[in-house]
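Tertiary structure, described
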Amino acid sequence: MMSSIPFLRPSLPVVDEYVNLLRSIDETHLYSNYGPLCSQFESQVLASFFQNQGGFCTVTNATIGLMLAVRLAKRKGRYAIMPSFTFAATPLAAQWAGLEPWFVDVDPHTWCMDLNSLTQAISELGDEVAVVIPYATFGTGMALEPYAALQARGIPVVIDAAASFGTKVLEDSAQGHFGLGFPGYIVFSFHATKAFGIGEGGGVYSGDAEAVARLKRAGNFGFASDRASCEQGLNSKISEYAAALALATWQIYPEKIRKRQAIHKAYLDGLECSGLGGKGWQPQRTRGDVAFQFMPILCPPGQNRDQVVARMAELSIECRTYFSPACHQQHQFAACPHDGLVVTERLSRCILSLPLWEDMPESTVSRVIEGLTG
Ligand SMILES: *Cc1c(COP(=O)(O)O)cnc(C)c1O
């Protein structure tokens, strides 16, 4: 009997690695409200990933981060334009901010929002566009110049970069972490299933430090300096215990990313050597040095994806099918307007996510590739 291969096996730092940070909480008696550990984590991220340009703050999770960002960024208007090929949290955040999602198609190679479809939707909807919410699909970087240009035209952009924390982009003029210097909000998730997993958590960056200060205030009940609420805020703060885990994860994150990239490369090599690439199995065209979350791939059009998943399950290999159904195919969003979504519907029929976790041996990657060949 072959051992089973889980889809993900998150491994967070063990307590021994950050027991000193936990002890420091016992001593400071500071448990939340941007305490010393939280502040240390935020300034390390801003300095190291974002060259101290703009602002970065923690949030309880990316969904709350998106809700706050969309609410603060949106202009007058009815619609939030976004891809349908994303996680439900993206359109849910728009709905919480009082907007109606308007779904557009994605690019067949990058699986990110298609810029032509976006341009068409914007010219169709005009002033009714309140915000644009692209998704950096599965942790990839994206060219942000077109979105910075939208912001400059007065159309706010919030980027769902839930899986892109740690992704470095070298192609852009602003080399460094994905999003560096971007004038709108960029939202990251620290959920256990993401590469920088701490259980629950998230972060929001913007090249505009003032925008992050506003979001932080909204996430602290909208309190002005006199602790009197002056807007419809909420509570998005993380505890010092979560911050301790974030600091411990930060220490080992370069190594975690390196391991994930090595496994991703083993998959790409395996696809090539096994001839699957030539048979129409198609990985995502990514941009930058990605902190991979898992290994998404498209089945060839002639294959029945669900049969592949079932066959893999028989081999004790656990696969997933993010994002199938796509958002517009889900009950909560079925009434939302959208354009043709031809590519999105093909992706949601063919998408398959293969196991990827940090201590996965290369022999396990080979077993997965063999399973696909079978
Ligand atoms: C994981 C994810 C989220 C939600 O993140 P949480 O931190 O779990 O709230 C939002 N959008 C996308 C695209 C995601 O993958």
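Quick caveat: nothing in here was measured; it's all calculated off a predicted structure.

**Points about the domain arrangement of the protein chain**
Per the domain assignment, the segments of the protein chain are domain 1 (15-249) and domain 2 (253-373). Centre-to-centre, using C-alpha coordinates, domain 1 lies 25 Å away from domain 2. The interface is formed by 45 residues belonging to domain 1 together with 42 residues belonging to domain 2. Interface area, domain 1 with domain 2, both sides summed: about 3,700 Å², of which 59% is carbon and sulfur.

**Description of the site of the ligand**
Around the ligand lies a shell of 13 residues, among which Ala62, Thr63, Asp160, Ser189 and Lys194 are the nearest. Side-chain polar atom of serine 189 to an oxygen atom of the ligand: 2.7 Å apart, as the coordinates give it. For the ligand, the protein covers 91% of the area, taking 380 Å² as the surface of the free molecule. Its residues placed into classes, the shell around the ligand shows five nonpolar, six polar and two charged.

**Quick notes on the pairing of strand β11 (residues 295-298)**
Neither face of β11 is open: one carries Met295 and Ile297, the other Pro296 and Leu298, and all of them are buried. Sheet topology places strand β10 (residues 282-283) next to β11; two bridges connect them, and they run antiparallel. Across the sheet, the residue bridging to glutamine 282 is leucine 298, located in β11. Where β11 meets strand β12 (residues 351-354), four bridges bridge the pair, whose relative direction is antiparallel. Note on β12: the bridge partner recorded for proline 296 is serine 353.

**Side note on the sheet that holds strand β8 (residues 185-189)**
What holds strands together in a sheet is hydrogen bonding between their backbones, with the strands either parallel or antiparallel. As summarised here, the arrangement of the four strands in space is β1-β9-β8-β5, forming an open sheet in which the pairing is mixed. Strands at the two margins of the open sheet, each flanked by one partner only, are β1 (55-59) and β5 (158-160). Averaged over all pairs of adjacent strands, the angle between their axes in this sheet comes to 20°, without regard to strand direction. Both β1 and strand β9 (residues 202-206) contribute to a ladder of five bridges, which runs antiparallel. Looking at the pairing, phenylalanine 56 lines up with tyrosine 205 of β9. In this fold helix α3 (residues 62-73) packs onto β1, β5, β8 and β9, with an angle of close to 170° to the strand it touches most, β8. Across the sheet, helix α7 (residues 209-218) touches β1, β8 and β9, and the angle it forms with β1 is around 20°.

**Looking at the side chain of glutamate 358**
Along the polypeptide, glutamate 358 turns up in the loop between β12 and α11 (362-373). Polar contacts involving the side chain of glutamate 358 include one to the side chain of arginine 260, which spans 2.8 Å. Not counting residues within four places of it along the chain, the set of residues in contact with glutamate 358 comprises Ser11, Ala195, Lys256, Lys259, Arg260 and Ile263.

**Looking at the packing of helix α5 (residues 115-125) against helix α6 (residues 145-152)**
Packing of α5 against α6 leaves a shortest axis separation of 12 Å and a crossing angle of 15°. When the axes of α5 and α6 are compared, the pair comes out roughly parallel. Between α5 and α6 lies a crossing whose hand is right-handed. Between α5 and α6, the contacting residues are Leu115, Leu118 and Ile122 on the first element and Pro146, Tyr147 and Leu150 on the second. Broken down by class, the residue content of the contact of α5 with α6 amounts to six nonpolar, no polar and no charged.

**With respect to the pattern of salt bridges**
If you walk through the whole model with that rule in mind, you get 10 salt bridges. Glutamate 255 is paired through a salt bridge with arginine 258; the nearest N and O atoms lie 2.9 Å apart. Note that glutamate 255 and arginine 258 are positioned in helix α8 (residues 240-273) at a spacing of three residues, about one turn of the helix. Among the residues examined, glutamate 255 registers a relative accessible area of 37% and is labelled partly exposed. Close ionic contact of arginine 260 with glutamate 358 constitutes a salt bridge, the shortest N to O distance being 2.8 Å. One end of the pair, arginine 260, is in helix α8; the other, glutamate 358, is in the loop between β12 and α11, with 98 residues separating them in the sequence. The exposure class of arginine 260 is buried, given its relative accessible area of 6%. By relative accessible area, which is 9% here, glutamate 358 ends up buried. Taken together, the shared-partner salt bridges connect Lys256, Arg260 and Glu358 into one network.

**Here's the deal with the packing of helix α9 (residues 305-314) against α11**
Two quantities define a packed helix pair, namely the angle between the axes and the distance from one axis to the other. Two elements in contact, α9 and α11, have axes whose closest approach is 9 Å; the angle formed by their N-to-C orientations is 130°. The angle between α9 and α11 falls in the class oblique. As α9 packs across α11, the resulting crossing turns out to be right-handed. Here Val308, Arg311 and Met312 of α9 come into contact with α11, specifically with Val368, Gly371 and Leu372. Among the residues making up the contact of α9 with α11, the classes are represented as four nonpolar, one polar and one charged.

**Concerning the packing of aromatic side chains**
Within a pair of aromatic rings, the relevant descriptors are the distance that separates the centres and the angle that separates the planes. One pass over the full model with this rule turns up 31 aromatic pairs. Between the aromatic rings of phenylalanine 50 and phenylalanine 188, the centroid separation amounts to 6.4 Å while the plane-to-plane angle is 35°, which identifies the pairing as tilted. Here phenylalanine 188 lies in strand β8 and phenylalanine 50 lies in helix α2 (residues 36-50), a separation of 138 residues in the sequence. Residue phenylalanine 188 is classed as buried on the basis of its relative accessible area, which comes to 0%. Among the aromatic side chains, those forming a connected cluster through ring pairs are Phe41, Phe49, Phe50, Phe56, Phe165, Phe188, Phe190, Phe196, Tyr205, Trp250 and Tyr253. The lysine or arginine in question, lysine 216, covers the ring of tyrosine 34, its NZ or CZ lying 4.4 Å from the ring centre.

The rules we used
- Residues numbered from 1 in each chain as written.
- Predicted model: local features only at pLDDT ≥ 70, side-chain atom pairs only at ≥ 80, totals over all residues.
- Heavy atoms only, no water.
- Domains from an automatic or database assignment.
- Contact = heavy atoms within 4.5 Å.
- Buried area = accessible area lost by both parts, 1.4 Å probe.
- Near = heavy atom within 4 Å.
- Polar contact = N/O pair within 3.5 Å; in protein donor to acceptor, adjacent residues only side chain to side chain.
- Areas by Shrake-Rupley, 256 points an atom, 1.4 Å probe, with all protein chains shown as cover.
- Nonpolar A, V, L, I, M, F, W, Y, C, P; charged D, E, K, R; others polar.
- Buried < 20%, exposed > 50% of the residue type's maximum accessible area, 1.4 Å probe, protein only.
- Helix = DSSP H or I, 4+ residues; strand = E, 2+ residues; numbered from the N terminus.
- Pairing = 2+ DSSP bridges.
- Axes fitted to C-alpha atoms, helices over the stretch in contact; angles between N-to-C directions.
- Parallel < 35°, antiparallel > 145°, perpendicular 65-115°, else oblique.
- Left-handed = near helix turned anticlockwise from the far one by under 90°.
- Salt bridge = Lys/Arg side-chain N within 4 Å of Asp/Glu carboxyl O.
- Phe/Tyr/Trp six-rings, centres within 6.5 Å; stacked < 30°, edge-to-face > 60°.
- Lys NZ or Arg CZ within 6 Å of the ring centre and 35° of its normal.

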